[in-house]
Amino acid sequence: MTGLTERAAKLDAEDPLAHLRGEFDLDPDVVYLDGNSLGAPPRRVAGRVEQVVREQWGRRLIRAWPDSWWAAPERVGEKIAPLVGAAPGQVLVADSTSVNIFKALVGAVRLSPKRSEIVVDAATFPTDGYIAESVAELTGTVLRPAVVDELDDVLSDQTAVVLLNHVDYKTGRLYDMAAATAKVHSVGARVVWDLCHSAGVLPIELDALKVDLAVGCTYKFLNGGPGAPAFIYVRRDLHESFRQPLSGWGGHRDPFAMAPAYEPAPGIARARAGTPDILSLLALEAALEVWDGVDLADVRAKGLSLTGFFIECVDELLGDTVEVVTPRDERRGHQVSLRHEDARALMAEMTAREIIGDFRTPDVLRFGFAPLYNRYMDAHRAAQSLADRLAPMK
Ligand SMILES: *Cc1c(COP(=O)(O)O)cnc(C)c1O
């Protein structure tokens, strides 16, 4: 048992990203393994928000809109672009992920008006499935749930768009974006990738893979804060024909002309709808500065190593009292899911002792590992805490 404690200490001492933890305002007594639901606050955010409120809102008042605010959705999008492999001008930060899924799906169906089907990952995060269902109804298309490993069974020349999750929120499984994108494209359909659980923690190559559209959260591994606005990517060559359904004035070619008719803005700005939520957007802008100079390949390497070490701790301390649901090979994101019939009560007990992961129905314990601030000792303490409850003899 002491072997694992020593290993954790050694791995932490040798971790090339260890200094980044200092960028975060974390309670030293808490083991925080839920950054895949709500990222921890980077230290610089509180001061930035205060500055925005006092100096921009307080002193510049309405003048801050043209100075610092109106262009923020595109400006903050440019900070996310390198994290998802997008050249400039293709990422916008606005609205929630749910809203952006709606824009992306309707926009994609409109790109292929002769096709009659929408395909969605059958195990998807609920909001994606719910929105897809509504889009099917609104656009008069048929919704087809699919097992991602068996896309061939549902894809056809009727498929307009396929909505996929890069990392499964429940199991932590990472899907092969290159292979699935190629498969969708082979029938002439568009793909929308939901990057909620992968943005910021592993290299993503949207441009190189010719992905059509993508959306993602910013309050998970991107640490933008509760309710921080989401992002949407639209590949440049689709901009001209992309017509999203929320044709608000914010996405108008000339919003301040107050013209009677809607005319979409050129470029990614047409994905805008209404007034952006500036305080959250500028908090996110500060949070994203933590990635300046950070190589996502290093972040990925640490994420795999951290999750691998956690699985090793679970194996050694818990044996087969829990089932490791997450793939043990590299087909995993940065979370490890364990199955146990008492998952809900176990997580409640751990959380009461400040070891924070989360629970998903009916029986899954989730532990998210944020490579920018999680330590190997966090992984070990979480596994030990579970073992104290489930395998006290070990
Ligand atoms: C977290 C998450 C969402 C959240 O959508 P909101 O509109 O921000 O509530 C959507 N999709 C996936 C896959 C998620 O993990």
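**Student:** Can you lay out the domain arrangement of the protein chain for me, pointing to particular residues and giving the numbers?
**Tutor:** Taken domain by domain, the protein chain consists of domain 1 (3-17 + 294-393) and domain 2 (47-291). Computed over C-alpha atoms, the centres of domain 1 and domain 2 are 30 Å apart. Contacts between domain 1 and domain 2 engage 25 residues on the former and 18 residues on the latter. For the pair domain 1 and domain 2, the two sides together bury roughly 1700 Å², of which 64% comes from carbon and sulfur. Applying the counting criterion to the domain 1 and domain 2 interface returns 0 salt bridges. Applying the counting criterion to the domain 1 and domain 2 interface returns 10 residue pairs in polar contact (both at pLDDT 80 or more). Put simply, the parts of the chain that give the side of domain 1 that touches domain 2 at least two residues each are α9 (296-318), β10 (335-339) and β13 (364-368).

**Student:** Can you break down the environment of Pro42 residue by residue, with the values?
**Tutor:** Tracing the sequence through the fold places Pro42 in the loop between β1 (31-32) and α2 (44-60). Classification of Pro42 as buried rests on a relative accessible area of 2%. Distance from Pro42 to Ala382, taken between C-alpha atoms, is 23 Å for residues 340 residues apart in sequence. If sequence neighbours within four positions are ignored, Pro42 has contacts with Glu23, Phe24, Asn223, Ala287 and Val290.

**Student:** Just give me the short version of the site of the ligand, but keep the residues and values in it.
**Tutor:** In the vicinity of the ligand, 13 residues are found, and the nearest of them are Ser98, Asp194, His197, Tyr219 and Lys220. Between an oxygen atom of the ligand and a side-chain N or O atom of Ser98, the distance comes to 2.6 Å. Taking His197, its side chain carries an N or O atom lying 2.8 Å from an oxygen atom of the ligand. Alone, the ligand offers 390 Å² of accessible surface; in the complex the protein occludes 86% of this. At the level of elements, α5 (97-111) and α6 (126-139) are the ones that each hand at least two residues to the shell around the ligand. Tallied by class, the residues present in the shell around the ligand amount to 4 nonpolar, 6 polar and 3 charged.

**Student:** Go over the packing of aromatic side chains with me, naming the residues and quoting the values.
**Tutor:** The full count for this structure, using the stated rule, is 10 aromatic pairs. Between Phe24 and Tyr373 the ring centres are 4.8 Å apart and the planes differ by 55 degrees, which places this aromatic pair in the tilted class. With a gap of 349 residues between them, Phe24 in the loop between α1 (2-14) and β1 and Tyr373 in the loop between β13 and α11 (376-390) connect regions that are remote in the sequence. Owing to a relative accessible area of 1%, Phe24 belongs among the buried residues under this scheme. The interplanar angle of 65 degrees and the centroid separation of 6.0 Å between the aromatic rings of Trp65 and Trp70 together place this pair among those described as edge-to-face. Linked through ring pairs, Trp65, Trp69, Trp70, Trp249 and Phe256 together constitute an aromatic cluster.

About the cut-offs
Residues numbered from 1 in each chain as written. Predicted model: local features only at pLDDT ≥ 70, side-chain atom pairs only at ≥ 80, totals over all residues. Heavy atoms only, no water. Domains from an automatic or database assignment. Contact = heavy atoms within 4.5 Å. Buried area = accessible area lost by both parts, 1.4 Å probe. Salt bridge = Lys/Arg side-chain N within 4 Å of Asp/Glu carboxyl O. Polar contact = N/O pair within 3.5 Å; in protein donor to acceptor, adjacent residues only side chain to side chain. Helix = DSSP H or I, 4+ residues; strand = E, 2+ residues; numbered from the N terminus. Buried < 20%, exposed > 50% of the residue type's maximum accessible area, 1.4 Å probe, protein only. Near = heavy atom within 4 Å. Areas by Shrake-Rupley, 256 points an atom, 1.4 Å probe, with all protein chains shown as cover. Nonpolar A, V, L, I, M, F, W, Y, C, P; charged D, E, K, R; others polar. Phe/Tyr/Trp six-rings, centres within 6.5 Å; stacked < 30°, edge-to-face > 60°.

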